[in-house]
Amino acid sequence: RRGSWRQSASLQCRRFHTAGSHSKGRTGAEHLWLTRHLKDPFVKAAKMESYRCRSAFKLLEVDERHGILRPGLRVLDCGAAPGAWSQVAVWRVNAAGTDPRAPVGFVLGVDLLHISPLEGATFLCPADVTDPRTLQRIQELLPGGRADVILSDMAPNATGIRSLDHDRLIGLCSSLLDTAPRVLHPGGTFLCKMWAGSQSLAFQKRLTGQFQNTRTVKPRASRKESSEVYLLATQYQKGKEFAED
Ligand SMILES: C[S@@+](CC[C@H](N)C(=O)[O-])C[C@H]1O[C@@H](n2cnc3c(N)ncnc32)[C@H](O)[C@@H]1O
Ligand SMILES: *[C@@H]1O[C@H](CO)[C@@H](O)[C@H](O)[C@H]1NC(C)=O
């Protein structure tokens, strides 16, 4: 199983298109998702769009199962390059105002790497989410200084040494969670990528202490990446005491 993360890091963000004749490259989970949703007019519209990365299907699936995105919400997308989750978020929160009758949301993507412009999204890059200066920029850019949803598909460059990669990812997620009191709106949602390891439980406990509900989600689209799961925490309960910051 060693090296599978490294491999997925390079493979999962190969340019990927949902429209056209690229179905050969699709995994079963992706195909299933598309097939099931062909009748939905909004999905039909989305299908015509090219996703920048297959990882889009993970967020689509989490959102479908748990309803974390809806028109009008403000989303902070951490580790956003090349921008597929941001594409999904722009569509689901109506950040480009595509649906004139629905509230218009906001999507802010942050990454160490450059992200090509995307209609309806604001990108802060290159920027390190763990850098205090980035936090300040994030607060300035978010409408009202807060996000309703924090997404993190952030991942360190995997070394293939499982415990080291786990520790680094925990470091990234913890650092992001530290910003929640200043950035996340009370009642908000936190979704982050996790690689199973010795600190998973402690991190999950931290989430449980700050959110009403915490669960582990394993999207079909990430089945092949054996140890990858997503932690979904909803109904953020901290933050009020920091609101005046
Ligand atoms: C799996 S990719 C994200 C794919 C993205 N969700 C998409 O759908 O297009 C992980 C990203 O996390 C970014 N990343 C890792 N550490 C970071 C940090 N400290 N600050 C910002 N981004 C970081 C990496 O540069 C990489 O682009
Ligand atoms: C991963 O490596 C690439 C290429 O060396 C670098 O540009 C990028 O910043 C690294 N990402 C992380 C999360 O360290």
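What you see is a predicted model; the values in this text were computed from it and never measured. (Residues numbered from 1 in each chain as written. Chains lettered and ligands numbered in written order. Predicted model: local features only at pLDDT ≥ 70, side-chain atom pairs only at ≥ 80, totals over all residues. Heavy atoms only, no water.)

Lining the immediate surroundings of ligand 2 are Leu112, Leu113, Ala155 and Asn157. In this structure, an oxygen atom belonging to ligand 2 sits 2.3 Å away from a side-chain N or O atom of Asn157. For ligand 2, the accessible surface in isolation is 360 Å², of which the surrounding protein chains cover 40%. Residue classes in the shell around ligand 2 are distributed as 3 nonpolar, 1 polar and no charged. (Near = heavy atom within 4 Å. Polar contact = N/O pair within 3.5 Å; in protein donor to acceptor, adjacent residues only side chain to side chain. Areas by Shrake-Rupley, 256 points an atom, 1.4 Å probe, with all protein chains shown as cover. Nonpolar A, V, L, I, M, F, W, Y, C, P; charged D, E, K, R; others polar.)

A few words on the sheet that holds strand β7 (residues 228-236). Reading across the sheet, the 7 strands line up as β3-β2-β1-β4-β5-β7-β6 and stay open at both edges, with mixed pairing between neighbours. Two strands close off the open sheet at either side, each with one partner strand: β3 (121-124) and β6 (211-217). Each neighbouring strand pair of the sheet contributes to a mean axis angle of 15°, computed without reference to strand direction. The strands touched by helix α8 (residues 200-210) are β5 (184-195), β6 and β7; relative to β6, the strand with the most contacts, the crossing angle is about 145°. (Pairing = 2+ DSSP bridges. Helix = DSSP H or I, 4+ residues; strand = E, 2+ residues; numbered from the N terminus. Axes fitted to C-alpha atoms, helices over the stretch in contact; angles between N-to-C directions. Contact = heavy atoms within 4.5 Å.)

It is characteristic of soluble globular proteins that their nonpolar side chains tend to be buried jointly. Within the largest apolar cluster, 35 residues are counted, with the highest numbers of intra-cluster contacts made by Leu76, Phe190 and Phe203. Contributions of two or more residues to this core are made by β1 (74-78), β2 (106-110), α6 (132-141), β4 (147-152), α7 (162-183), β5, α8 and β7. With 8 residues, the single largest contributor to this core is α7. Apart from residues no more than four positions distant in its own chain, Phe190 is found in contact with Ile150, Cys173, Leu176, Leu177, Phe203, Leu207, Phe211, Leu231, Leu232 and Ala233. Core analysis: the next-biggest nonpolar cluster, separate from the first, contains 32 residues, Ala84, Val107, Val149 and Leu191 among them. (Core = buried A, V, L, I, M, F, W, Y, C linked by side-chain atoms within 4.5 Å. Buried < 20%, exposed > 50% of the residue type's maximum accessible area, 1.4 Å probe, protein only.)

Per the UniProt entry, the sites bearing "active site" (unreviewed entry) are Lys193 in this numbering. Checked against the element boundaries, Lys193 lands in strand β5. Only 3.0 Å separates the side chain of Lys193 from the side chain of Asp153, close enough to count as a polar contact. (UniProt positions renumbered as here; feature names shortened; annotations may be inferred.)

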